[in-house]
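A structural walkthrough
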Amino acid sequence: MPIRSICVYCGSQPGRDPAYIEAGRALGKSIAAHGLRLVYGGGTKGIMGAVAAGVLSNGGQVTGIIPEFLVDMEATRHSLGQLDELIVTEDMHARKHKMFERADAFVTLPGGIGTLEEIVEIMTWAQLGRHEKPMVFANIGGFWDPMLDLITHMREQGFIHRAHLVQPLVIANVEEIVPAILEQGEERPPSSGEDAVISRL
Ligand SMILES: Nc1ncnc2c1ncn2[C@@H]1O[C@H](COP(=O)(O)O)[C@@H](O)[C@H]1O
């Protein structure tokens, strides 16, 4: 499956550790350097803004997908105008579906409830066999460890069915994320997904 675009889910806030913003910028830079398009939620603040800035300042392409009601919560409409593609949707459901359609892979940086909901939905759709797109937890400073422990607990307790379909990569080093996705995209067709690239749950 050729990888042309990567959807990044992340916090609309910067978080406490400056490493999160740095990771956002570095991931954006890496996406641009590999000639891929960023698909994201259109936010210009927090880690979302850092990822988009990282892509744009390195000559990359960005699609922002944002529901109408969030546009006016952004700092300036001008900053949204800097994206090379802006899609305004009617509501959150349409936004998430459009992000899914437009992306060939998904990366989750640190974030809050919104970020959590987005990646959990994508994992749910993988479990249901709706897609085989690569999914990555960018485990900056171990941020996702509690979530990964919970998923392991669910699996051990027999609540994750078709577990072979829900095998996100867990990668702590931002520089390794895009290469790992590209490698999985090359390897993957049909029913694979069993081999570890970096580390899997
Ligand atoms: N200002 C915002 N612009 C775009 N999207 C936003 C904004 N604020 C929140 N969101 C939504 O929340 C997630 C990230 O949520 P966190 O709770 O900060 O993790 C983002 O993808 C949007 O769905």
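What you see is a predicted model, and the numbers here were worked out from it, not measured in a lab.

Let us look at helix α2 (residues 46-56). α2 sits mainly inside the fold: nine of its eleven residues count as buried. Buried within α2 we find G46, I47, M48, G49, A50, V51, A52, G54 and V55.

Moving on, we come to the environment of M99. Take M99: it is sitting in helix α5 (residues 92-102). Not counting the four nearest positions on each side in its chain, M99 is found in contact with C7, Y9, V39, Y40, G41, I65 and F106.

Further remarks concern the pattern of salt bridges. Should their charged atoms come close, side chains of opposite charge can pair. Applying the stated rule across the entire model yields six salt bridges. We note a salt bridge from D84 to R37, for which the minimum N-O separation is 3.2 Å. With D84 in the loop between α4 (77-81) and β4 (85-89) and R37 in strand β2 (residues 37-40), this residue pair connects regions lying 47 residues apart in the sequence. A relative accessible area of 39% means that D84 is categorised as partly exposed. E85 serves as the salt-bridge partner of R102, at 3.0 Å between the closest nitrogen and oxygen.

To continue, consider the sheet that holds strand β7 (residues 169-171). Strand order in this open sheet of seven strands is β4-β3-β2-β1-β5-β6-β7, and the pairing throughout is parallel. Each edge of the open sheet is held by one strand with a lone partner, namely β4 and β7. Taking the axes of each pair of neighbouring strands and ignoring which way they run, one obtains an average angle of 20° across the sheet. Contacts between α5 and the sheet are confined to β1 (5-9), β2, β3 (61-67), β4 and β5 (106-108), with β3 contributing the most and set at about 155° to the helix.

The next point concerns the side chain of T63. Tracing the chain through its elements places T63 in strand β3. On the accessibility criterion, T63 (0% relative accessible area) is buried. At 2.7 Å, the side chain of T63 and the side chain of R37 are in polar contact. Within the structure, T63 has its side chain in polar contact with the side chain of E85 (distance 2.5 Å). The contacts of T63, once residues within four sequence positions are left out, are R37, L38, V39, Y40, E85, I87 and R102.

The rules behind these values
Residues numbered from 1 in each chain as written. Predicted model: local features only at pLDDT ≥ 70, side-chain atom pairs only at ≥ 80, totals over all residues. Heavy atoms only, no water. Buried < 20%, exposed > 50% of the residue type's maximum accessible area, 1.4 Å probe, protein only. Helix = DSSP H or I, 4+ residues; strand = E, 2+ residues; numbered from the N terminus. Contact = heavy atoms within 4.5 Å. Salt bridge = Lys/Arg side-chain N within 4 Å of Asp/Glu carboxyl O. Pairing = 2+ DSSP bridges. Axes fitted to C-alpha atoms, helices over the stretch in contact; angles between N-to-C directions. Polar contact = N/O pair within 3.5 Å; in protein donor to acceptor, adjacent residues only side chain to side chain.

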